[in-house]
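The primary structure of each chain is shown beneath.
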Amino acid sequence: MSYSKFIHRLFFAFLAVVALSCGSSRSLPGAQVNKNTIVFLGNSITQVGKWQELLPGKNVINKGISGDVTTGVLARLSDCLSARPEQIFVMIGINDLKIGRPLEDITANQVKIIQKIKELSPRTKIYIQGTLPVNEGMLANIYRRLNNADIGKMNIALKAACEQQKVRYIDLHPVLTDQTGQFKQQLSTDGLHLKPEAYVIWVKYLQKNKIL
């Protein structure tokens, strides 16, 4: 074999190895999970949380956006999962109720969110958190659509969907509500949004139940 033919074959062998390597990486989406990386995904209730301070030693990514709805979360899931997190905590739905989206549509979107997370990052552990109750007596007029009866119905449907999808559903109501089922007044700024001490209770609940 001439030297030129040897170089020619060596070059194409190199290209074949490169192509195989690139093809393998494309065929394994989500195979590499970044340990200790946690994503909190949702709306303003998530956005305001100082998760990194509450969870020192962990790489926490806050993907809360004020005013976001289920369709908005669906549209940005690829970005939210780009870090291939070990865990993702999702709470979304209250703003869908605020704009009058039908309950069945909200639940359908919540199921799509779960399914898309599984598709994009199959090794990420999914935790779906029920929407928090409100304190109806504190709500301003802009939140007049919101009430705990509708939130309860949405959460019942979401919990059933989580059981069907085989993902963990988290109910924070026991530690954040008063005896009448209203969000504790001392933990809220306006009947909907949370004071810092509410986030402390939230995280301690997750830790106590060995979720974090």
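Our subject is the structure that appears above.
Every value quoted in this text rests on a predicted model; they were computed, and no experiment measured them.

The next thing to look at is the pattern of salt bridges. All chains considered together, the criterion is met by three salt bridges. Asp-79 serves as the salt-bridge partner of Lys-63, at 2.8 Å between the closest nitrogen and oxygen. Of this pair, Lys-63 sits in strand E2 (residues 59-64) while Asp-79 sits in helix H5 (residues 77-80); the two residues are 16 residues apart in sequence, bridging distant segments of the chain. A residue is classified by how much of its surface remains accessible, and Asp-79, at 45% relative accessible area, is partly exposed. A salt bridge links Arg-101 to Asp-96, with the shortest nitrogen-to-oxygen separation between them at 2.5 Å. Judged by relative accessible area, which is 22%, Arg-101 ranks as partly exposed. Residue class for Asp-96 comes out buried when judged on its relative accessible area of 0%.

The next subject is helix H10 (residues 196-208). Relative to the 18 Å expected for 13 residues at 1.5 Å per residue, H10 spans 19 Å between its end C-alpha atoms, a close match to the ideal helical length. Residues of H10 that are buried: Ala-198, Tyr-199, Trp-202, Val-203, Tyr-205 and Leu-206. Projected down its long axis, H10 carries its buried residues within an arc of 155°, all on one side. Facing away from the buried side of H10 by over 90 degrees, the exposed positions are Pro-196, Lys-204 and Lys-208. Those residues of H10 hidden inside the fold are in contact with helix H2 (44-47), helix H3 (51-54), strand E3 (85-91), strand E4 (125-129), strand E5 (168-170) and helix H9 (173-176). Trailing H10 by a residue or two, Lys-210 shows a phi angle of about 55°, which is positive.

Reading the values: rules and limits
Residues numbered from 1 in each chain as written. Predicted model: local features only at pLDDT ≥ 70, side-chain atom pairs only at ≥ 80, totals over all residues. Heavy atoms only, no water. Salt bridge = Lys/Arg side-chain N within 4 Å of Asp/Glu carboxyl O. Helix = DSSP H or I, 4+ residues; strand = E, 2+ residues; numbered from the N terminus. Buried < 20%, exposed > 50% of the residue type's maximum accessible area, 1.4 Å probe, protein only. Expected span 1.5 Å × (residues − 1). Arc of directions from axis to C-beta. Contact = heavy atoms within 4.5 Å.

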